[in-house]
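# Summary of the model geometry
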Amino acid sequence: MAHLSKSPVWRELDRGASGTSTERAWLLDAGARYHLVLGPKLALYGGMSLGGYFGSSDRKVEVIEIVDGEQNPTSVREATDTAGFALGAEAGVGIVLTPELVLDAGLDLRWLIGSETIESESESLSASTFNTGIAVRLRYVF
């Protein structure tokens, strides 16, 4: 079974001494899942997905303005653009509740690797995340 999906991704990024900021991105991926039927009501499944994400975050920057020889520090938020690749894997068990309704339960793994581009600087900052989760899905098959 093949699938396409689009979903929001929010993650906390470590900013060192400046604290953290929240990245907000859209994840687009395509994948395939294989079902190994063990009986009329039970199946094991495994799958992989590949895609990418894009979005934005911000970072706290201290700007020092000099007025009449005195330094006046001001904190501002600078926007960053984020983009990268996503790789996912899943495995679990499917239980047929009715001919149209299936309950899936399993383990989901997702790895995001990408970078942030900062407009005021000519460099990119790398960012990566590895997520694990327990998934429970109710699927309607038509």
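Since this is a predicted model, take the numbers as computed values, not measurements.

### Considerations on the sheet that holds strand β4 (residues 70-96)
- In spatial order, the strands read β1-β2-β3-β4-β5-β6; together these six strands make up an open sheet with antiparallel pairing. Two strands bound the open sheet, and with one partner strand each, they are β1 (2-14) and β6 (124-140). Averaged over all pairs of adjacent strands, the angle between strand axes in this sheet comes to 20 degrees, irrespective of strand direction.

### Some words on the packing of aromatic side chains
- Applying the stated rule across the entire model yields one aromatic pair.
- Aromatic pair Y140 and F142: ring centres 6.3 Å apart, planes at 25 degrees, arrangement stacked. Accessibility classification places Y140 together with F142 in one group, the exposed group.
- The ring of W26 has K6 sitting right over it, with the charged end atom 4.9 Å from the ring centre.

### Here's the deal with a nonpolar patch on the surface
- On the surface, M48, L50, F85, L87, L107, L109, W111, I113, F130, I134 and V136 cluster together into a nonpolar patch covering about 1200 Å² of accessible area.
- A total of four residues in the nonpolar patch trace back to one element, the largest contributor, which is strand β5 (residues 101-118).
- Mapped onto the fold, F130 is located in strand β6.
- Of the residues examined, F130 reaches a relative accessible area of 54% and is grouped as exposed.

### Description of the pairing of strand β3 (residues 42-67)
- Where strand β2 (residues 20-39) lies against β3, 15 bridges are found, and the strand directions are antiparallel. Each residue of the ladder has a partner; that of Y34, found in β3, is G46.
- Between the antiparallel neighbours β2 and β3 lie two residues.
- Between β3 and β4, which pair antiparallel one after the other, the connecting turn spans two residues, and D68 there sits at a positive phi close to 50 degrees.

### Some points on the pairing of β2
- In terms of strand pairing, β1 meets β2 through 13 bridges, oriented antiparallel. Paired with V9 across the two strands is A25, which belongs to β2.

### Focus: the pattern of salt bridges
- Going through the model one piece at a time under the given rule, you end up with seven salt bridges.
- Linking D104 and R139 is a salt bridge whose minimum nitrogen-to-oxygen distance equals 2.6 Å. In this pair, D104 is assigned in strand β5 and R139 in strand β6, connecting sequence segments 35 residues apart.
- Looking at D104, the relative accessible area reads 0%, which means it is buried.
- Salt bridges linked by common partners bring R33, E90, D104, D108, R137 and R139 together as one network.

Reading the values: rules and limits
Residues numbered from 1 in each chain as written. Predicted model: local features only at pLDDT ≥ 70, side-chain atom pairs only at ≥ 80, totals over all residues. Heavy atoms only, no water. Pairing = 2+ DSSP bridges. Helix = DSSP H or I, 4+ residues; strand = E, 2+ residues; numbered from the N terminus. Axes fitted to C-alpha atoms, helices over the stretch in contact; angles between N-to-C directions. Phe/Tyr/Trp six-rings, centres within 6.5 Å; stacked < 30°, edge-to-face > 60°. Buried < 20%, exposed > 50% of the residue type's maximum accessible area, 1.4 Å probe, protein only. Lys NZ or Arg CZ within 6 Å of the ring centre and 35° of its normal. Patch = residues over 30% accessible without salt bridge, like charges linked within 9 Å, V, L, I, M, F, W, Y side chains within 5 Å. Areas by Shrake-Rupley, 256 points an atom, 1.4 Å probe, with all protein chains shown as cover. Salt bridge = Lys/Arg side-chain N within 4 Å of Asp/Glu carboxyl O.

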